[in-house]
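# Commentary on secondary and tertiary structure
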Amino acid sequence: MNYAKSTYNTLFLANLLLENKLSKKEILEKFKLQNNEISLATLNNYLKKLKDNNISIKKAGLNFYIDCSNYEFNLTKDNIKALNDIKKLILSEKNYKIIRMLMRFYYKISKLIENENLKYELMDFAYYSELNWDLIYKLENHCKNKDVILIDYILPYGTNKLIEYHVDKIKPSKTSQRLYLEGIMEGTKTFSKLPIDRIYMIKKIIRKKLIFNIETETITYKILKETWQKAPKDLKEKIINEDENYYTIETPITDEFYLIQRLFEFCPDVVYISEGKIKDAIIEKLEILKKAYDK
């Protein structure tokens, strides 16, 4: 996981410097905006990695940038293998935002390569290459606002259907790379999901910023403040109590798998989980791990 994060951060930095001339302070702010705060020493390490890999880092005053003028990548078989290994690693993480960034970066590299076969090899991201990323950007904004939208949806047998959908989030399948839009359909009271590759377009916005108001089971958990503050935010979670070191969080159980994974990743900084199937599942996972280590 640390290797994957370091690789992603280095590529994210390269992507930034291909698009802009930025000071170190501005670069650190760009990372912070992605909920990915890094230190100045770490940034210097990433800059060194780029230079060590023959990326032409130039400086104009306090600003850094990648100079691509009259530059051609002469990729060896080892270079190509390394790039494809990075691609496989990032795809295995199933974080579509990181994959989107990597696609942009590889596309920029591909424009500097004369060999057409290498171009296509770098730009081939299988399922993700077929997605409408402009639509995904729009869906992300609607999910952030918790809007109700009218979707033109392509049914499996080819015809289209209009669906009124109160959108919540975009997330990958547990068993494949496929992305889904989660939310509540008109006339229902439970969360469902639609494959994004079957969404043709957003016809209109029916209602903006509508709070979800459904009856659902909830759990509470107590976690170190610092750990929760650094984690990706879940808008359904709310702080119901706090002391000097801990928050007590309440959240609805709308996706058991996601919630178990989220709390499991917080361990050992979670000191309390309310009774129920989520707590039982986490205890079971911890016991399995303990037995594996005992062996």
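Report on the accompanying structure. Numbering of residues starts from 1 in every chain and runs along the sequence as written. pLDDT decides what is reported in this predicted model: residues at 70 or higher carry local features, side-chain atom pairs at 80 or more are listed and counted, and totals for whole chains, interfaces and linings draw on all residues regardless. To get the side-chain values, take all heavy atoms of the structure and skip hydrogens and water.

### What about unusual backbone geometry?
Worth spelling out the cut-off: Going along the chain from the N terminus, every DSSP run of H or I of four or more residues is numbered as a helix, and every run of E of two or more is numbered as a strand.
A cis amide bond links Cys267 to the next residue, Pro268, at an omega of 10 degrees. Unusually for a residue other than glycine, Lys94 sits at a positive phi of about 60 degrees. Assignment of secondary structure puts Lys94 in the loop between α4 (77–93) and α5 (96–110). Its identity is not glycine, yet Lys209 carries a phi of approximately 50 degrees, on the positive side. By the secondary structure assignment, Lys209 is in the loop between β7 (199–207) and β8 (218–224).

### A word on the packing of aromatic side chains
Using the following cut-off: We call Phe, Tyr and Trp rings a pair once their centres come within 6.5 Å, taking the six-membered ring for Trp, and we label the pair stacked below 30 degrees between planes, edge-to-face above 60, and tilted otherwise. Classification of residues uses two cut-offs on accessible area relative to the type maximum, computed with a 1.4 Å probe and protein chains only: under 20% is buried, over 50% is exposed, and between them is partly exposed. The rule is short: NZ of Lys or CZ of Arg within 6 Å of the ring centre and within 35 degrees of the ring normal puts a charge over the ring.
Enumeration according to the criterion identifies seven aromatic pairs in this entry. Both rings, one in Tyr221 and one in Phe266, keep their centres 6.2 Å apart while their planes meet at 35 degrees; by these two values the pair is tilted. With Tyr221 in strand β8 and Phe266 in helix α9 (residues 256–266), this residue pair connects regions lying 45 residues apart in the sequence. With 5.4 Å between their ring centres and 75 degrees between their planes, Trp228 and Tyr247 make a pair best called edge-to-face. Of this pair, Trp228 sits in helix α8 (residues 225–230) while Tyr247 is found in strand β10 (residues 246–252), placing the two residues 19 residues apart along the sequence. Each member of the pair, Trp228 as well as Tyr247, carries the same accessibility label: buried. One aromatic cluster is present, built from ring pairs that chain together Phe105, Tyr106 and Phe125. Note that Lys169 overlies the ring of Tyr258, its terminal NZ or CZ placed 5.6 Å from the centroid. When the ring centre of Tyr180 is taken as origin, the NZ or CZ atom of Lys193, which lies over that ring, is 4.7 Å away.

### Regarding the environment of Tyr272
Note the following rule: We call two residues in contact when some of their heavy atoms are within 4.5 Å.
For Tyr272, the position within the fold is in strand β11 (residues 270–273). Using a relative accessible area of 41% as the deciding quantity, one classes Tyr272 as partly exposed. Between the alpha carbons of Tyr272 and Ile223 there is a distance of 7.4 Å; along the sequence they are 49 residues apart. Leaving out residues up to four positions away in the same chain, Tyr272 has contacts with Thr220, Tyr221 and Lys222.

### Here we look at the sheet that holds strand β9 (residues 238–242)
Within a sheet, adjacent strands bond to each other through the backbone by hydrogen bonds, running parallel or antiparallel. Selection criterion: Think of it this way: DSSP has to see at least two bridges between two strands before they count as a pair. Lines are fitted to the C-alpha atoms to define the axes, a helix being fitted only along its stretch in contact, and any angle between axes, read from their N-to-C directions, falls within 0 to 180 degrees.
In space, the four strands of this open sheet follow the order β9-β10-β8-β11, with antiparallel pairing throughout. Bordering the open sheet on either side are β9 and β11, each of which pairs with just one other strand. The sheet shows a mean angle of 25 degrees between the axes of neighbouring strands, taken without regard to direction. In the sheet, β9 pairs with β10 via four bridges, with the strands oriented antiparallel. Paired with Lys238 across the two strands is Glu250, which belongs to β10. Across the sheet, α9 touches β8, β10 and β11, and the angle it forms with β8 is around 20 degrees.

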